[in-house]
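# Analysis of the macromolecular model
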Amino acid sequence: MSTPPLASGPHGPDALRPLLDAVLGALTTGAAARGGPLPAGGPDTVAAHVTDALGDVLPEHGDPDALRALTHALAAGAADPADPLCAAHLHCPPLAVATAADLAVSALNPSLDSWDQAPAASALEARVTGALAARLGLADAVVTTGGTEANQLALLLAREAHGAHVRLVCSAAAHHSLPRAAWLLGLPDPVVLPAPAGTLDPAALDAALTELTGPLLVAATAGTTDAGLIDPLPEIAARCAAHHVRLHIDAAYGGCLALSDRHRALLTGLDAAQTVALDLHKLGWQPVATGFLAVADADELDALHQRADYLNAGDDTEAGLPDLLGRSTRTTRRPDVLKAAVTLRTLGRSGLADLIDRVLTLAQDLADRVEAHPRLELYDRPTLATVLFRPAHASDDAVAAVRRTLLHEGRAVLGRAHADGRLWLKATLLNPHTGPDDLAHLLKLAEGHTPA
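Residues numbered from 1 in each chain as written. Predicted model: local features only at pLDDT ≥ 70, side-chain atom pairs only at ≥ 80, totals over all residues. Heavy atoms only, no water.

### Describing the overall build of the protein chain
Summing up its helical and strand segments, the protein chain has 14 helices and 11 strands in all. By the compact-globule yardstick of 22 Å for 452 residues, the protein chain fits well, its C-alpha radius of gyration being 24 Å. Overall size of the protein chain, expressed as C-alpha extent along the three principal axes, is 65 × 60 × 40 Å. Each of the 452 residues in the protein chain was classed as buried or not, and the buried ones make up 49%. Carbon and sulfur atoms make up 56% of the accessible area of the protein chain, which amounts to about 20900 Å² in all. Side chains of the protein chain give 33 positive and 52 negative charges; the mean places of these two sets differ by 5 Å. (Helix = DSSP H or I, 4+ residues; strand = E, 2+ residues; numbered from the N terminus. Rg over C-alpha atoms; globule rule 2.2 N^0.38 Å. Buried < 20%, exposed > 50% of the residue type's maximum accessible area, 1.4 Å probe, protein only. Areas by Shrake-Rupley, 256 points an atom, 1.4 Å probe, with all protein chains shown as cover. Lys, Arg positive; Asp, Glu negative; His and termini not counted. Charge placed at Lys NZ, Arg CZ, Asp CG, Glu CD.)

Shown next as structure tokens:
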């Protein structure tokens, strides 16, 4: 058996071309076989199809058709975020240009734990993170795998700055990764404030900060997972300043509004935070994973510094080789910054702002349609691209059944959220190609599958 070709090197591109043709062909046939936003039949049916396509996981002899067959199976069994009826989660359809850039990263396989494994990538990352941090009004940023890692890093930096007894204060609507990070880091149990309106109440926060003692970290949210709401950031920042308390803002969902002149005012107060989490694989249309943690004080990142002689020997650092171990808690990590850099340069700020403005307008359009529909009920006007609605007068069990039926039949992917003591269907509109007919079809499906 001949030695398999490599993806990089002088012959890498020639080796990749026929393989890419196979992948692209399988993506096409798989999507046709699926025929909708996700496969019909539910988990057992999908698992059976995958098992058939996979066969023996580790056969004695290889199958040259495995790439095509398994890619076809993956595509046929995918929940395709590019389908307008796939609107459950903060799961964006990635831009083609960003996906193509990601291929280059996979082929070259740089690792950002030392300069000699990623010379150009390390320089690119430094430029892009600095520019994004400046756009948010902060000093520097590091790349993360998303909001969860960014929130964990934010709590880690708070612990290093204020001690192991720093206590998280957040609302019940905050992302689950925040209290989880407190647990992972061995911090005291968080103080979770009720959020009956879906956001952190400044008056309740002020009362809690008045009573609590010891170092505290307040976490606010710019884009809640359930309803896409933004906490009153200026008021929260003012309360934190008055009590001399550190502020972190989880802007994984809403942070990209900083690119939009039309919607940037929604983030007023963001620059008062010591740390901010940001995702570009939500309202930035990047392949997973593309996250960041921005910091107001770049010196705080020194807490991440590690010394490993084979990666950042002191004399190498003194000789001018960049020390990259202090840019993450991970060691091996791919340069996810390339796809972001390519996107930012290709579309420009105005191009990305147009996509953001477009999907936020879609959400308003869907809300208008729900309000005008006699058999549907709207939770509230959307802030970002998330719309909560439900069949009027339906029980929570009936609402849950609508969602599961649509999933099982492969007709639509809607999320679910509890708000105002009831269960709601959730549509998160991150596809800028979605049109009015798609919105009408989505509502027709939701209404038509409601039990009488």
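### Remarks on the sheet that holds strand E7 (residues 291-295)
As summarised here, the arrangement of the seven strands in space is E1-E7-E6-E5-E4-E2-E3, forming an open sheet in which the pairing is mixed. Two strands close off the open sheet at either side, each with one partner strand: strand E1 (140-144) and strand E3 (191-193). Between one strand axis and the next, the sheet turns by 20 degrees as a mean value, whatever way the strands run. Two strands pair when backbone bridges link them, and E1 and E7 are joined in this way by five bridges, in the antiparallel orientation. (Pairing = 2+ DSSP bridges. Axes fitted to C-alpha atoms, helices over the stretch in contact; angles between N-to-C directions.)

### Some remarks on the sheet that holds strand E10 (residues 415-419)
Taken together, the four strands give an open sheet; going across it, the order is E8-E9-E11-E10, and neighbouring strands pair in antiparallel fashion. Edge positions in the sheet fall to strand E8 (376-378) and E10, since each has one partner strand and no second. On average, each strand axis in the sheet is tilted by 40 degrees relative to the strand beside it, whichever way the strands run. Along the sheet face, helix H12 (residues 337-372) touches E8, strand E9 (386-391) and strand E11 (422-428) and points at about 130 degrees away from the line of E8. Along the sheet face, helix H14 (residues 436-448) touches E8, E9 and E11 and points at about 35 degrees away from the line of E9. (Contact = heavy atoms within 4.5 Å.)

### Here we look at the packing of helix H4 (residues 96-108) against H12
Packing of H4 against H12 brings their axes to within 8 Å, and their N-to-C directions diverge by 145 degrees. Considering only the axes of H4 and H12, their crossing is right-handed. Facing H4, whose interface residues are Val-97, Ala-98, Ala-101, Asp-102, Ala-104 and Val-105, H12 presents Leu-338, Lys-339, Val-342, Thr-343, Thr-346 and Leu-347. Residues that form the contact of H4 with H12 fall into these classes: eight nonpolar, two polar and two charged. (Left-handed = near helix turned anticlockwise from the far one by under 90°. Nonpolar A, V, L, I, M, F, W, Y, C, P; charged D, E, K, R; others polar.)

### What about the packing of helix H6 (residues 147-162) against helix H7 (residues 177-184)?
The description of two packed helices rests on the angle between their axes and on the distance between the axes. The contact between H6 and H7 brings their axes to 9 Å, and the two run at 50 degrees. By the criterion of interaxial angle, the relationship of H6 to H7 is oblique. The element H6 and its partner H7 pack so that their crossing is right-handed. Seen from H6, the contacting residues are Gly-147, Thr-148, Asn-151, Gln-152 and Leu-155; seen from H7, they are Ser-177, Leu-178, Ala-181, Ala-182 and Leu-184. Here the contact of H6 with H7 is composed, by residue class, of five nonpolar, five polar and no charged. (Parallel < 35°, antiparallel > 145°, perpendicular 65-115°, else oblique.)

### Description of the pattern of salt bridges
Counted by the stated rule, this structure contains 24 salt bridges. In the salt-bridge network here, residues are joined through shared partners; they are Asp-102, Arg-334, Asp-336 and Lys-339. (Salt bridge = Lys/Arg side-chain N within 4 Å of Asp/Glu carboxyl O.)

### Some points on the nonpolar core
Residues Val-218, Leu-247, Ile-249, Val-276, Trp-285 and Phe-389 are the most contacted members of the largest nonpolar core, which totals 85 residues. Per element, the largest residue contribution to this core is 13 residues, and it comes from H12. Every residue in contact with Val-276, bar those within four places of it in the chain, is listed here: Leu-136, Leu-138, His-248, Ile-249, Ala-251, Leu-270, Phe-292, Leu-293 and Ala-294. One finds Leu-168, Cys-170, Ala-174 and Leu-187 within the second-largest nonpolar core, a separate group that totals 12 residues. (Core = buried A, V, L, I, M, F, W, Y, C linked by side-chain atoms within 4.5 Å.)

### Topic: H7
Buried within H7 are the following residues: Ser-177, Leu-178, Ala-181 and Ala-182. For H7, the buried positions fall inside an angular range of 145 degrees around the axis, keeping them on one side. In this fold, the buried residues of H7 make contact with H6, strand E2 (167-171), strand E4 (216-221) and strand E5 (246-251). Just downstream of H7 lies Gly-186, where phi reads positive at about 70 degrees. (Arc of directions from axis to C-beta.)

### A word on a nonpolar patch on the surface
There is a patch of nonpolar side chains on the surface, built from Val-50, Leu-54, Val-57, Leu-58 and Leu-70 and spanning about 470 Å² of accessible area. Within the secondary structure, Val-50 sits in helix H2 (residues 42-54). The partly exposed category is assigned to Val-50, whose relative accessible area is 40%. (Patch = residues over 30% accessible without salt bridge, like charges linked within 9 Å, V, L, I, M, F, W, Y side chains within 5 Å.)

### Focus on the pairing of E11
Looking along a regular strand, one sees side chains alternate from face to face of the sheet. Burial analysis of E11 places six of its seven residues in the buried class, which makes it a mostly covered element. Pairing of E9 with E11 involves four bridges; the strand directions are antiparallel. Residue pairing in the sheet places Val-387 in a bridge with Ala-427 of E11. One ladder, built from five bridges, connects E10 with E11; its direction is antiparallel. Note on E11: the bridge partner recorded for Arg-416 is Leu-425. Here E10 folds back onto E11, and the loop between the two strands holds two residues, one of which, Asp-420, carries a positive phi near 60 degrees.

### Things to note about the layout of surface pockets
Looking at the largest pocket, its volume works out to about 1200 Å³. Lining the largest pocket are 34 residues, and of these Val-23, Leu-27, Leu-74, Pro-94 and Thr-99 lie nearest its centre. Within the residue set of the lining of the largest pocket, elements represented by two or more residues are helix H1 (12-34), H2, helix H3 (66-76) and H4. Here the lining of the largest pocket gets seven residues from one element, more than from any other, and that element is H1. For the lining of the largest pocket, the residue count by class is 24 nonpolar, seven polar and three charged. (1 Å grid on protein atoms, 1.4 Å probe; cavity = no way out; pocket = protein on both sides within 12 Å on 5 of 7 lines; lining within 4 Å. Points joined across faces, edges and corners; volume = space filled by probe spheres on them.)

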